[in-house]
Each structure stands twice: as structure tokens, then as C-alpha cells.
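Topology and contacts: notes
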Amino acid sequence: MESLAVVLRRVPLFADLPPGSFAKIIADLREEVVEPGTVICTEGEPANDFFLIRSGEVSVYVNHVNGERELIDTVGANHTFGEAALFRERRRAATIVAHTRVDLWRLPKDKFATVIDENPGLVLHFTGILLDRLHNENRQIARLLQMSRAQARAGLARESSEELIALECLSILETLHPVAVAALLGNMPHATTLVKSLIDRSDYVEQSELGPHLIPAVREVLSGYLRARIGSDAVRGLHSRVAAALAAADQQALAIDHWFAAGEIHHAVKAITDSFAGLIATDGISRIDDWLTRVPHTPAHEAQLDDLRRRIADLHAAQRAQRPRPVAQRGARHVQLLDGLLAIGAGLLLAFVIPMPGLSAEGRDMLALLAVAVVLWARDTLPDYVVGLGMMIAWIVLNIVPSQVALSGFTSSPFFLITGVLGMAAGLQASGLLFRLTLHIIRRFPPTHLGQMTGLSLSGTAVTSVVPDVTSGVAIAAPITLALSDSLGFGRRSRGSTSIAMAAVLGFGQMSPFFLTGAAENLLGRALLPSAAQETVTWTGWLVAALPLALVTFLCGLTVTYLLYRPQNSPRISRAMVDAQLEALGRPSRAEIVNGSVLGAAVIGWLTSPMHGIDVAWVAMAGLLVLLAANMLDRAAFRASIYWDFLFYLGTVLSLTGVVHELGVDAWLIDLIKPHVEPLVRHPATLLLLLALSIYAARFVLPSFPLVSLLVLTIVPITSAAGFHPMVLLLVISTAVSVWFMPYQSAYYLALYFGTKEQAFSHRQARPMAWAYGVIYLLAIAAGIPLWRWLGMLPGGTG
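Scope of this entry: the structure provided in the associated data block. Quick caveat, the model's predicted, so the values are computed rather than measured.

Conventions adopted
Residues numbered from 1 in each chain as written. Predicted model: local features only at pLDDT ≥ 70, side-chain atom pairs only at ≥ 80, totals over all residues. Heavy atoms only, no water. Core = buried A, V, L, I, M, F, W, Y, C linked by side-chain atoms within 4.5 Å. Buried < 20%, exposed > 50% of the residue type's maximum accessible area, 1.4 Å probe, protein only. Helix = DSSP H or I, 4+ residues; strand = E, 2+ residues; numbered from the N terminus. Contact = heavy atoms within 4.5 Å. Expected span 1.5 Å × (residues − 1). Phe/Tyr/Trp six-rings, centres within 6.5 Å; stacked < 30°, edge-to-face > 60°.

Here's the deal with the nonpolar core
Grouped together as the largest cluster of nonpolar side chains are 141 residues, with contacts concentrated most on M366, W395, L688 and W788. Among the elements that make up this core, the one with the highest residue count is helix α38 (residues 763-790) (11 residues). Ignoring anything within four residues of it in the chain, the contact list for W788 reads A545, L549, L688, V728, L731, V732, I781, M793 and L794.

Next comes the structure, spelled out in C-alpha cells:
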């Protein structure tokens with residue numbers, strides 16, 4: 001049996017797809033087994049899937065107007081159907097029933113749309129294919145119409161003159177309504193017999209839901225005969241006769257159509273005006289709107305048209321007024337209003353009620369604005385970047401800080417680091433390299449939900465141990481997360497998809513405190529120590545001291561993630577599917593080799609940054625520059641890969657560091673903390689756990705970098721003098737600052753959120769796991785205390 005990749009390549013729609021995109025299409029196929037007699041799809045139902053038969057046979061049926069179902073074909077292995085459903089809303093043209101046991105592959109329309117969204121360049125590819133197909137189908141239709149006209153002329157040539165004249169007259173009718181037919185043929189001899197014989201002629205007339213009507217090709221030929229025989233004026237006279245008869249029979253809608261065809265606009269407008277209420281009830285407003293567009297704008301009709309338009313506008317307004325607003329929409333607006341009031345209340349409380357001795361008025365105003373922003377961010381009241389931009393503008397407009405300070409985040413190293421990493425991640429995704437790596441990860445771990453979660457978390461931990469910037473690792477992991485979720489068959493923002501994303505957060509993010517080179521905060525804290533203390537903080541020593549914390553965090557994080565987001569079904573990855581995807585990818589392409597080389601060089605540049613002195617941000621930007629110069633990212637792909645809303649939000653959050661320092665909020669906090677720390681040095685365990693809790697609270701106000709700086713410069717000297725090893729304090733500080741209770745607190749969480757195009761999970765879904773890590777880290781710190789005592793890294797004490 002031929003492989004899935006080979007068979008799918010024979011489908012014109014997928015024949016020339018790039019390997020990476022082709023492999024992702026295969027990833028979205030769902031394998032199904034259908035028993036004999038099962039209806040796979042039904043004629044007339046919405047078409048939402050594309051099918052490829054792997055083995056077995058299906059029967060193809062079409063329904064006739066009389067209710068009979070006709071078998072028109074039987075097809076088997078490698079046959080496809082439903083391609084058009086991937087591109088537009090339409091209904092099934094036939095009923096497909098399994099004739100034997102059938103194994104098939106199904107591609108849902110929404111999965112196909114996701115591939116297009118993630119690869120905008122494919123739009124041009126599929127547009128070209130569809131235009132070629134449309135051109136070929138139009139040529140085929142033209143040939144069929146030409147054949148139909150020729151057959152119609154040949155058949156009509158055999159009719160008697162009386163029958164031919166009758167058929168010519170009937171060609172002005174959309175449907176063969178009895179009143180209209182009688183108006184046209186009533187004066188002809190043997191009219192009743194003639195009409196019955198004509199309507200029963202299946203070679204000229206076909207049935208529909210609206211009644212019998214002439215076959216289009218036959219009607220077109222007869223219409224030409226009629227105009228040639230009696231002329232256009234006489235044809236309009238026939239329309240007038242039919243219109244009058246239909247109006248007398250109270251068939252006003254049909255009569256109006258013929259009044260227009262007769263050119264008697266005043267009769268048509270009068271009929272619409274006189275029968276307005278009845279037409280609204282039977283034909284609806286849209287039909288009347290269509291008629292009014294056919295009325296020429298002349299003084300004779302303008303007054304009537306104005307009256308009709310006014311009546312239609314009144315109906316539209318009445319419908320909008322009567323249409324109930326969805327309960328969810330009303331509730332959402334009320335919640336937004338309450339959130340806004342809560343945010344304003346929090347700001348006023350800090351600005352005017354809570355005493356803050358020693359803090360400047362500008363510092364108080366800054367904290368008040370931050371409180372407003374925190375509430376709006378926490379409640380998801382407005383988009384993150386809208387709140388951030390509003391806060392930044394308020395800093396400037398209210399003269400809280402100079403504009404260069406308020407905008408400092410947009411010129412900071414992390415801002416350009418994330419821009420470069422997002423660009424490199426886009427190149428990796430487009431090349432198919434990440435997808436290839438994902439498939440190899442899948443092959444090396446059990447093909448179950450838990451197995452793949454474990455594999456992704458362990459892979460992330462390995463990357464985190466050597467990449468000193470958490471955000472870059474998470475940003476690169478984002479497309480892998482989506483691909484792995486799709487391979488497991490999880491829908492976007494489902495429990496299963498969220499679990500995979502949270503497994504990435506665990507490995508690529510939450511494990512970062514436990515390796516000295518795992519996070520920039522770790523390296524920053526070490527760099528702020530005195531030279532003698534720095535020498536005692538080594539990579540190996542850090543790993544040993546962090547081992548209990550790492551084990552507790554990994555095991556508890558994985559377990560809680562699995563329990564919180566366990567999907568209802570237990571999916572398994574098809575090994576055949578994985579093999580087909582790897583076959584579709586083929587050998588590594590030039591794009592994969594270039595992107596992989598750039599990533600490898602960037603990782604080396606990050607690891608060796610202390611030696612060569614080049615900031616990690618410019619290493620990332622240099623990598624992006626190479627990709628752009630090598631045309632690994634074209635203009636459209638580059639635009640799509642940079643999420644400007646995220647960058648606006650990120651720049652605002654990064655600006656907080658400069659703002660709090662400019663206003664002296666950092667020094668104010670030092671003075672606030674110091675008196676509470678000194679009495680606790682005699683109780684090491686209590687001090688470390690309270691320090692972690694204090695950091696949790698401070699993280700609502702301060703970003704991680706300034707908080708690490710503050711604590712290393714204040715807490716560490718106090719505790720070191722009492723016998724604490726600096727590495728223990730650094731480890732606790734780095735662990736606690738990694739907690740994020742709200743999205744704005746974590747750049748790497750946001751990198752994953754936006755890197756998955758907001759499709760893998762929502763903030764609301766991730767929030768329980770965020771708070772769970774607050775508890776998990778406390779347990780981890782408590783688990784490390786016995787080891788630190790044994791290693792002599794803590795002073796003797798009672799608690």
C-alpha cells in the first residue's frame with residue numbers, strides 16, 4: 001500500500017506544497033474507521049471536511065426531486081472528496097455511504113484554516129490552484145453549454161410549429177406558474193392538452209422546489225427564437241400580459257418581476273406600494289430592496305421611492321429594537337463597567353488614602369496608575385497592550401516622569417532580544433525545522449498525552465540549562481507547542497492544548513531558576529555580589545543546591561498540570577502519522593540548514609556573552625539580520641512574525657524598571673523592608689519562606705530585574721553577615737521572582753501566549769497553574785532547607 005504522503009501528493013491541491021506546510025497538513029488529518037452502511041456525509045448538509053479514502057469502498061448517491069436516491073458511482077482507495085469545503089461555505093452535493101469497511105483520513109476545515117493563518121504565503125499558492133481549476137471548469141462548462149444548446153436546437157427542430165411557438169412563449173417565465181402559462185397560451189387551440197404535454201417533457205422541463213421550469217439551455221435557445229420572431233417590443237408585451245394576470249390572481253411578487261421585465265416601472269412601484277405589508281411577510285425586506293435598486297431615479301418615481309425607503313428604514317429600526325441583546329453580551333458589558341470602577345477605586349485608594357511616608361508625590365501617582373493597570377490586566381478588561389499604552393501615556397501627560405524614562409523599555413536590551421527571537425522563531429517555523437524536531441521528540445517518548453507532556457517538559461529543561469534567556473527559549477518553543485498539540489488532535493484553547501502549553505511553561509520557564517545559566521536574573525544576581533562572593537557561586541554548586549527544588553518543581557508541576565488540564569479523551573499519536581509526516585518533510589532543506597545554523601550560532605553567542613561582551617539582544621538581532629539577508633523570511637512573513645501589540649505591551653512593562661528607579665520607589669521599598677528582615681536572621685527557614693512570600697507580593701508592583709537588584713543589594717548583605725551562604729539567597733530570590741500570578745508579570749509567559757498566536761490557551765485557563773506555582777515553589781524551597789543545612793549553607797537556628 002502506498003504511503004499517505006505519496007497519495008496526498010497526487011491531490012492537485014497539495015501537489016506543490018512546501019514540505020513543512022505539507023507535513024502540517026498531514027498532522028491535521030484524522031484517521032477514522034467506518035463500518036459498512038454508515039453514512040459519511042449527507043447531500044445538502046454543510047460541508048466542513050475533506051476526505052481521503054485509505055482503504056475500502058464508498059457509494060455515491062444523489063437525490064432527485066421526487067425523493068428517489070440514485071447510485072451514481074462507487075469509489076475506493078486513494079479517492080478524495082470534499083476539497084471545495086476547505087475554501088468556502090457550501091453544502092454537500094452527494095451522499096457518501098460506506099460500501100465496505102472503510103479506513104479514511106479526514107481534514108477538518110478549521111484545521112486547514114489554521115495552517116493558512118500560520119503560513120500566510122500559502123494563500124497565493126492555493127489561490128493560483130483555484131484560479132487554474134476555475135479556468136478549466138469554466139472552459140468545461142462552456143463546452144457543456146454549447147453541447148446543450150446544440151442538443152436543444154436539434155430537439156426543437158423536430159417539434160411542430162404550434163408546440164415550438166408555445167415553448168418560445170414559455171421561455172419568458174422563470175417558473176411555469178399555471179396563471180402565467182394560461183395567460184400566454186390560453187388562446188391557443190387545445191391549450192390544456194398542449195400545456196400538459198409540454199410540462200411532462202423531461203427533455204425540456206425539470207422540477208425544482210419552486211415548481212417546473214424550462215431547462216436553462218433550452219430556455220436560452222427558445223428566448224433567442226422568440227426575440228428573432230416577434231421582436232423585443234412584443235416580448236415586453238408578453239411580460240405585461242403575464243404581469244396583469246398574476247396581479248389579478250394576487251401573485252404580486254411574480255407580477256412585479258414581469259412589470260419590470262415589461263419596462264412598466266410605474267406598475268411595478270405601484271404594486272410594491274399597494275402590497276407592501278403582504279410582500280414583507282412573504283418575501284422579506286431584502287427582496288423589496290432588490291426591486292427598488294431596479295427603479296430609475298426620475299422625478300416621476302422619486303416621491304414613491306422616498307416613501308418606500310422610509311418605510312423600509314422604519315422596519316429595520318423596529319427589528320433592531322426588538323432584537324434581544326445576548327445575555328452574555330449584556331453581562332460582559334456590566335462586568336467591564338464593574339472592572340473599570342474597581343480599577344479606579346484601587347488607584348484612588350493608593351493616591352489619597354493609604355499613607356506612604358517618605359515617597360514622593362510622583363511616586364505615589366505612579367503606584368496609583370500601576371494599581372489601575374494591575375486590576376485591568378488581572379481582570380482582562382481591555383487588551384494588555386491598550387492598558388500598557390494608557391499607563392505609559394499617563395506617566396508622560398501627568399508629568400510623572402520624563403518621556404525618555406517612560407519610553408525606556410522600548411530602547412532596552414530585552415525589547416530587541418524578544419524582537420530578534422520572535423523573528424528567528426518565525427524563520428524556524430517556516431522552514432519546517434521545528435516541526436521536524438517535534439516529530440523526533442514524539443518518536444522518543446510514549447505516544448500518549450502524559451508521555452508527550454513529559455517529553456516536552458524534559459526537552460525544555462535541557463534547553464533551559466544552557467540558554468541564559470528564558471524568553472528566547474519559550475518563544476522558540478511556541479510553534480513546537482502548537483504543532484505537538486495538533487498532532488495529539490487537541491482543539492485550540494482546549495484543555496488538552498492548554499496542558500501542552502503549560503508543560504512548555506514548566507520545562508522552558510519554571511525550571512530556569514535551578515541552573516545558573518538558566519535565566520538572566522540568576523546571572524544578574526551573581527554579578528551584583530562582591531567579587532569574593534561571586535567565586536563561591538559556581539554552575540555546579542548552583543545545580544547541587546538547587547537539586548531538591550528542581551525535583552519538587554518538575555514532579556509537582558507536571559502532576560498538577562496533568563490533573564488541572566487532563567482532557568476528557570486520552571489521545572494517542574499515530575506512529576503511521578508520524579512516519580508519514582517525516583516522509584513528507586524529506587531530507588533537511590536549505591532553509592532548515594540555514595535556520596538551524598543561525599539558531600546554533602545564536603545559542604553559542606548567548607552562552608559566551610560574558611566572554612565576548614556582546615549583549616544577548618544583539619546576538620539575537622544579528623541572527624534575525626542573517627535570516628532576512630538570506631531571504632529566509634520575506635517581507636510578508638517578517639510582518640506576520642512580529643506581533644506589534646505584544647511589543648507595545650512589552651515595551652511598557654520593561655519601562656517600569658526605569659520609572660521606579662527614577663522616582664525612588666526602589667529605595668523607598670528598601671527602607672520599608674530592612675527593619676523587618678534583621679530580626680528574622682535567627683530563624684533561617686522562616687526567613688527564607690517569608691522572603692519568598694514578600695517577593696510574591698512585590699512582583700505585583702516590580703518587574704523581576706529591579707526586584708532582584710534591590711534584594712541582592714539589601715537582603716543578601718544583611719543575611720550573609722548572619723551566616724547565610726549568598727548562593728542560597730540568590731537561589732530563593734531567583735525562584736520566587738519566577739512566579740507570575742498575572743500575565744504582565746512574566747515576559748516568557750507572554751512570549752508563549754503570543755508566540756502561539758493566542759490559540760493554545762487563554763489567560764483565564766492558565767491562571768490556576770500560575771497560582772499553583774506559588775505553592776509549588778514554597779514547597780520546593782522548604783525541600784531544599786535540609787540539604788542546605790547539611791552543606792553548611794545556613795546558620796544554626798530554630799526555624
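What about helix α9 (residues 232-248)?
If you check α9, its first and last C-alpha atoms are 25 Å apart, about what 17 residues at 1.5 Å a residue would give, namely 24 Å. Within the sequence span of α9, burial applies to V235, L238, H239, S240, V242, A243 and L246. Summarising the contacts, the buried residues of α9 are in contact with α5 (161-170), α6 (178-185), α8 (216-230) and α10 (252-262). Remark: D250 follows α9 within two positions and exhibits a positive phi of approximately 60°.

Topic: the environment of V716
Looking at the element boundaries, V716 is found in helix α35 (residues 704-721). For V716, a relative accessible area of 4% gives the class buried. Between the C-alpha atoms of V716 and I733, which are 17 residues apart in sequence, the distance is 9.8 Å. Those residues in contact with V716, other than ones at most four positions away along the chain, are L529, L711, P726, L729 and I733.

A look at the environment of V560
Mapped onto the fold, V560 is located in helix α26 (residues 539-564). V560 sits in the partly exposed class, given a relative accessible area of 25%. With 209 residues separating them along the chain, V560 and M769 place their C-alpha atoms 7.7 Å apart. Ignoring anything within four residues of it in the chain, the contact list for V560 reads M769, A772 and I776.

Considering the packing of aromatic side chains
Scanning all chains against the criterion turns up 13 aromatic pairs. Aromatic side chains F741 and W771 sit 4.6 Å apart centroid to centroid with 50° between the ring planes, which places their arrangement in the tilted category. Residue F741 is found in the loop between α36 (726-737) and α37 (747-755), and its partner W771 is found in helix α38; the two are separated by 30 residues along the sequence. Both rings, one in Y749 and one in F761, keep their centres 5.7 Å apart while their planes meet at 50°; by these two values the pair is tilted.

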